[in-house]
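Residue strings, one per chain:
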Amino acid sequence: MPYLIITLLLLSPCSYFHVLMAQALMSHYKVNPITRWISHKNKSRYHGLLQLVGGVMVLLGGLGKFSQKDVHFNTWHGRFGVAATFGCAASIVGGLVNFYQPKIVLKKLPPSELRFRHNVFGLLTFTLGMVAIYLGYYSKFFTRHVDNEFIPALMLTTTLVYFLTIIGPTGSLLTKLKYRRQKQQPQ
Ligand code: HEM
């Protein structure tokens, strides 16, 4: 049982990024069959819930890795993984600020700017996490314990999941960028 829990904790960043985060990022996507019928507010609730559940898994997985050995940041997989873990914590805070829009924050930034920044940093965090997973396929763990003929299939899956997931948030970011530019132009 302890082994199962430890394995789940160690694998959780990987499974979270692939499944939960991908689904969470697609929740505002117009053609998502699960969320297309619900209001924008409820899409955000669904998105936030998935990100919170998965985010906790990432942070626990990250903590598990930190407590495992003395040397960190010695591989590119590790460096990207750590950056993604911090990005994940920051995105959770940014998402909550975006959802609740506290007055103190609105005094400094308008809601459109909060949405824009959360979108940019969210995409960046997802990219870091997916790069970390991809680099993980070159690690000793994978090359030793996983059938080497199976690894290219995993790489392809990660690449496909990445590109299919970012379609919605990238489109949404481009719309926000257009709006931002229009606002900045002198009338
Ligand atoms: C790791 C954590 C998170 C990441 C990477 C992330 C990423 C993103 C991205 C990329 C978008 C843009 C999606 C699109 O427009 O198609 C988005 C939207 C949004 N997120 Fe998050 N998010 C995270 C956590 C949260 C949390 C915890 C909440 C709290 C409810 C939240 C609330 C929102 C809201 C309200 C929007 C809609 C903003 C809008 O109207 O454009 N997010 N998120």
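What counts and what doesn't
- Numbers given for residues are sequential positions, taken from 1 along each chain in its written order.
- In view of the model being predicted, local features appear only for residues whose pLDDT reaches at least 70, and side-chain atom pairs are presented and counted only at 80 or more, with totals across whole chains, interfaces and linings using the full set of residues.
- UniProt positions are given in the numbering used here, feature names are shortened, and annotations may be inferred rather than shown by experiment.
- Strands here are runs of E lasting at least two residues and helices are runs of H or I lasting at least four, both read from the DSSP assignment and numbered beginning at the N terminus.
- Near, for a residue, is defined by distance from a backbone-placed C-beta atom to a molecule or strand, with 6 Å as the limit that must not be exceeded.
- The residue classification treats Ala, Val, Leu, Ile, Met, Phe, Trp, Tyr, Cys and Pro as nonpolar and Asp, Glu, Lys and Arg as charged. All others, Gly included, are polar.
- Structurally, a nonpolar core is described as a collection of buried Ala, Val, Leu, Ile, Met, Phe, Trp, Tyr and Cys residues joined by way of C-beta atoms within 7 Å.
- Exposed residues have 12 or fewer other C-beta atoms within 10 Å of their own C-beta, buried residues have 20 or more, and partly exposed residues fall in between, where C-beta atoms are placed from the backbone.
- What a helix should span is 1.5 Å times the count of its residues minus one.
- Within a predicted model, pLDDT stands for the predictor's per-residue confidence, ranging from 0 to 100.

1. A word on the UniProt feature "transmembrane region" (unreviewed entry) in the chain
Reasoning step 1: The sites that UniProt annotates as "transmembrane region" (unreviewed entry) are residues 6–25, 46–64, 76–100, 120–138 and 150–174.
Reasoning step 2: In this annotation, residues 46–64 is assigned 100% helix and 0% strand; the end-to-end C-alpha distance for the span is 27 Å.
Reasoning step 3: For residues 150–174, the helix share is 96%, the strand share is 0%, and the end-to-end C-alpha distance is 36 Å.

2. Focus: the environment of V131
Reasoning step 1: Tracing the sequence through the fold places V131 in helix α5 (residues 111–136).
Reasoning step 2: Between the C-alpha atoms of V131 and T159, which are 28 residues apart in sequence, the distance is 9.2 Å.

3. A short note on the site of the ligand
Reasoning step 1: Among the 26 residues in the neighbourhood of the ligand, the closest are listed as G48, Q51, G95, G122 and S172.
Reasoning step 2: Broken down by secondary-structure element, the contributors of at least two residues to the shell around the ligand are α2 (40–68), α3 (76–100), α5 and α7 (151–184).
Reasoning step 3: Here the shell around the ligand is composed, by residue class, of ten nonpolar, 15 polar and one charged.

4. Brief notes about the nonpolar core
It is characteristic of soluble globular proteins that their nonpolar side chains tend to be buried jointly.
Reasoning step 1: By size, the foremost hydrophobic cluster in this structure holds 16 residues, and its most contacted members are M21, A24, L25, A84 and A132.
Reasoning step 2: Only α1 (2–25), α2, α3 and α5 provide two or more residues apiece to this core.
Reasoning step 3: Among the elements that take part in this core, α5 stands out by supplying five residues, more than any other.

5. What about α3?
Reasoning step 1: An ideal rise of 1.5 Å per residue puts 36 Å on 25 residues; α3 measures up with 36 Å between its terminal C-alpha atoms.
Reasoning step 2: Residues of α3 that are buried include every one of F80, G81, A84, T85, G87, C88, S91 and G95, and no others.
Reasoning step 3: In the segment just after α3, Q101 is the residue with positive phi, at about 40 degrees.

6. Remarks on the confidence of the model for the chain
Reasoning step 1: On average, residues of the chain carry a pLDDT of 88, and 88% of them reach 70 or more.
Reasoning step 2: By mean pLDDT, α1 is the weakest element of the chain at 65, and helix α4 (residues 103–106) is the strongest at 97.

7. Description of unusual backbone geometry
Reasoning step 1: Of note, the phi angle at Q101 is positive, near 40 degrees, even though the residue is not glycine.
Reasoning step 2: Residue position: Q101 is located in the loop between α3 and α4.
Reasoning step 3: On the neighbour-count criterion, Q101 (14 C-beta atoms within 10 Å) is partly exposed.

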